[in-house]
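# Report on the structure
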Amino acid sequence: MPGERRMKIVHTVTELRAALAGCQKPAFVPTMGNLHDGHLALVRQAKPLGDVAVASIFVNRLQFLPHEDFDSYPRTLDADCAQLQAAGCDVVFAPSEQDLYPEPQSYKLQPPPALADLLEGHFRPGFFVGVSTAVMKLFNCVFAGAPQGGVAVFGKKDYQQLMVLRGMVRQFALPIDIVAADISRAGDGLALSSRNAYLSTGERLEAVQLSRELRSMSALLQAGEHNIAAIEARAVQTLTARGWQPDYLTVRRRADLLPPMPADLHPGHLVLLGAARLGKTRLIDNLEW
Ligand code: PAF
């Protein structure tokens, strides 16, 4: 259609750098594809923050454990690109594994165990090494030629990922502002996630209980309950009784994701985080308090 904005889809680092030549300040949204409204909200949030909106689509083998869903993770490039075009994305970087990892990625980025071995890192060992290594590489691909640095937008649903990547940018002095986007939720409160597509109809109805349990934990804190172990145990028991297999439902400090001290039990300092398996699907969610 005449006048329609054309989004570029590129697959190699060389093509990406050519597409971004002359760009002053990219605004970047890294994804693993199979996009939903939450991803598109990140793109819309990123768009005014730079002169070119870039999204990447790359299912990053390095952040999956051998028994996890790397092979079955949905690859839906055409549908993803149509949605990105509608959301205002200018450039999509969709490398193959060979494009991004032309040789085995034997240099890896090791985030601090004090943060990266907790919670998600405990249940998915090596996850944050894989995430950090891929994101550092994607940042180098997207921002290397940008004279004004850039902006990268990440969703708060992956709360610990956001913290790990903020630390990476700070400690390596990368000229990138990390922007945190609020969690996008379905009408019933379920946090949007690509993995929600794995849920059966019955599981989809039940899945909202994870966010409800986090809200119940928040209500107990609000009511002045200071026994954190009791709050956590009650939440784990409730979900277990409903047929879930919880990895954790926990109250942590926003600053470092460690268990709170009595002096931390004030609104604005805490985050409630949950990860639990419903059937074969592992869901995560969180709620700042
Ligand atoms: O959040 C994700 O989708 C992935 O962890 C990311 C940041 C794209 C790295 O592979």
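Residues numbered from 1 in each chain as written. Predicted model: local features only at pLDDT ≥ 70, side-chain atom pairs only at ≥ 80, totals over all residues. Heavy atoms only, no water.

Once that is clear, we can look at unusual backbone geometry. Keep in mind that most residues, glycine aside, have a negative phi and that most peptide bonds are trans. For Asn 34, which is not glycine, the phi dihedral falls at a positive 50 degrees. Within the secondary structure layout, Asn 34 lies in the loop between strand E2 (26-31) and helix H2 (37-46). The backbone phi angle of Leu 119 is positive, close to 45 degrees, even though this residue is not glycine. Here Leu 119 lies in helix H6 (residues 119-123). (Helix = DSSP H or I, 4+ residues; strand = E, 2+ residues; numbered from the N terminus.)

Relative to strand E6 (residues 176-181), strand E5 (residues 150-155) is paired through 6 bridges, and the arrangement is parallel. Across the sheet, residue Phe 154 finds its bridge partner in E6, namely Ala 180. Viewed along the sheet, the connection from E5 through helix H8 (residues 159-171) into E6 turns out right-handed. (Pairing = 2+ DSSP bridges. Right-handed = clockwise from strand over helix to strand, strands pointing away.)

Going through the model one piece at a time under the given rule, you end up with 1 cavity of 30 Å³ or more. Empty space within the largest cavity amounts to approximately 50 Å³. As for the largest cavity, its lining consists of Lys 157, Leu 190, Ala 191, Ser 193, Asn 196, Leu 210, Leu 283, Ile 284 and Asp 285. No other element matches the 3 residues that strand E9 (residues 281-288) contributes to the lining of the largest cavity. Residues that form the lining of the largest cavity fall into these classes: 5 nonpolar, 2 polar and 2 charged. (1 Å grid on protein atoms, 1.4 Å probe; cavity = no way out; pocket = protein on both sides within 12 Å on 5 of 7 lines; lining within 4 Å. Points joined across faces, edges and corners; volume = space filled by probe spheres on them. Nonpolar A, V, L, I, M, F, W, Y, C, P; charged D, E, K, R; others polar.)

Moving on, we come to the side chain of Ser 56. Within the secondary structure, Ser 56 is located in strand E3 (residues 52-57). Apart from the residues lying within four places of it in its own chain, the contact partners of Ser 56 are Phe 28, Val 29, Pro 30, Thr 31, Phe 93 and Leu 138. (Contact = heavy atoms within 4.5 Å.)

Contact pair H2 / helix H3 (residues 77-87): the axes reach a minimum separation of 9 Å and the direction vectors enclose 35 degrees. Viewed along their axes, H2 and H3 form a crossing whose handedness is right-handed. Along the contact surface, H2 presents Leu 40, Val 43 and Arg 44, while H3 presents Gln 83, Leu 84 and Ala 87. Residues belonging to the contact of H2 with H3 are distributed by class as follows: 4 nonpolar, 1 polar and 1 charged. (Axes fitted to C-alpha atoms, helices over the stretch in contact; angles between N-to-C directions. Left-handed = near helix turned anticlockwise from the far one by under 90°.)

What follows is about the sheet that holds E5. The 6 strands are arranged E1-E4-E3-E2-E5-E6 in an open sheet whose pairing can be described as parallel. Of all strands in the sheet, those bounded by a partner on one side alone are strand E1 (8-10) and E6. In this sheet, neighbouring strand axes are inclined to one another by 25 degrees on average, regardless of whether the strands run parallel or antiparallel. Sitting on the sheet, H3 touches E1, E3 and strand E4 (91-93), and the angle it makes with E3 is about 160 degrees. The strands that helix H7 (residues 127-143) touches are E2, E3, E4, E5 and E6; relative to E2, the one it contacts most, it runs at about 150 degrees.

Between side chains of opposite charge, pairing is possible as soon as their charged atoms come close. Counted under the stated rule, the structure contains 15 salt bridges. Residue Asp 285 is joined to Arg 185 by a salt bridge in which the shortest nitrogen-to-oxygen separation is 2.9 Å. Pair noted here: Asp 285 is in strand E9 and Arg 185 is in the loop between E6 and helix H9 (201-207), with a separation of 100 residues, a long-range link. For Arg 185, a relative accessible area of 34% corresponds to the partly exposed category. A single salt-bridge network, built from bridges that share partners, covers Lys 156, Asp 182, Arg 254 and Glu 288. (Salt bridge = Lys/Arg side-chain N within 4 Å of Asp/Glu carboxyl O. Buried < 20%, exposed > 50% of the residue type's maximum accessible area, 1.4 Å probe, protein only.)

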